Amino acid sequence: QVQLVESGGGLVQAGDSLRLSCAASGRTFSSWTMGWFRQAPGKEREFVAARRGSSGNTYHADSVKGRFTISRDNAKNTVYLQMNSLKPEDTAVYYCAATPTYQNWVRSASYDYWGQGTQVTVSS
């Protein structure tokens, strides 16, 4: 049974940093595509970043490019989202997602497994 468990969220001030973690279990995820999405109150879930397991290629949404970085530690079955220079508009619930397929990695429908989410709140 695949499980994804996020951690690392919290309340921070604008300009601060946070690192989110997503611990995966139930499979060997080294070849999987892992992604981060977020959902703010009253808004649709949006893509943040993703990383291919096989190639190591990454892709970040324009809204976070240069501030957020996705990485993974295959030995620990963990994917990270380093978030720097946080802004109030980054406030959302952040979700980790995973898929063994090679579909469009910015679409939430491409992912088969999801974590429960972790809240990130950035005050101005």
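Residues numbered from 1 in each chain as written. Predicted model: local features only at pLDDT ≥ 70, side-chain atom pairs only at ≥ 80, totals over all residues. Heavy atoms only, no water.

### Some thoughts on the side chain of Glu6
For the record, the criterion: Helix numbers and strand numbers start at the N terminus; a helix is a DSSP run of H or I with at least 4 residues, a strand a run of E with at least 2. Categorising residues by exposure relies on relative accessible area from a 1.4 Å probe, with only protein chains included: less than 20% of the type maximum marks a residue as buried, more than 50% marks it as exposed, and the intermediate range marks it as partly exposed. Lys and Arg are tallied as positive, Asp and Glu as negative. Neither His nor the chain termini are counted. The term salt bridge refers to a pairing of a side-chain nitrogen on Lys or Arg with a carboxyl oxygen on Asp or Glu at a separation within 4 Å. Pairs of N or O atoms are called polar contacts if they sit within 3.5 Å, as long as, within protein, a hydrogen donor faces a hydrogen acceptor (for residues adjacent in sequence, only side-chain-to-side-chain pairs). Residues are treated as being in contact if the distance between any of their heavy atoms lies within 4.5 Å.
Residue position: Glu6 is located in strand 1 (residues 3-7). Buried Glu6, no salt bridge; nearest opposite-charge side chain is Arg45, N-O distance 7.7 Å. One polar contact links the side chain of Glu6 to the main-chain amide nitrogen of Cys96, over a distance of 2.8 Å. Polar side-chain contacts of Glu6 include one of 2.9 Å to the backbone nitrogen of Gly117. Contact partners of Glu6, with chain neighbours within four places excluded, come to Ser21, Cys22, Trp36, Tyr94, Tyr95, Cys96, Gly115, Gln116, Gly117 and Thr118.

### Observations concerning the nonpolar core
To keep it simple, the criterion reads: Put simply, buried Ala, Val, Leu, Ile, Met, Phe, Trp, Tyr and Cys residues joined by side-chain atoms within 4.5 Å make one nonpolar core.
Ranked by size, the top nonpolar core spans 34 residues in total, and within it Met34, Trp36, Val48, Phe68, Leu81, Met83 and Tyr94 carry the most contacts. Tallying contributions element by element places strand 9 (residues 92-99) first for this core, with five residues. The contacts of Phe68, once residues within four sequence positions are left out, are Arg38, Val48, His60, Leu81, Gln82, Met83, Asn84, Leu86, Asp90 and Tyr94.

### What about the packing of aromatic side chains?
Filter applied, for reference: Ring geometry is summarised as follows: Phe, Tyr and Trp rings, the Trp one being its six-membered ring, pair when their centres sit within 6.5 Å, and such pairs are stacked at plane angles under 30 degrees, edge-to-face over 60 and tilted between the two. Comment: the charge-over-ring label is applied if NZ (Lys) or CZ (Arg) is within 6 Å of the ring centre and within 35 degrees of the ring normal.
According to the stated counting rule, one finds eight aromatic pairs in the structure shown. Both rings, one in Phe29 and one in Trp32, keep their centres 4.7 Å apart while their planes meet at 70°; by these two values the pair is edge-to-face. Using a relative accessible area of 7% as the deciding quantity, one classes Trp32 as buried. For the cation-ring pair, Arg45 lies above Trp114, with the distance from its terminal atom to the ring centre recorded as 4.7 Å. One residue, Arg52, lies across the ring of Tyr102, its end atom 3.9 Å from the ring centre.

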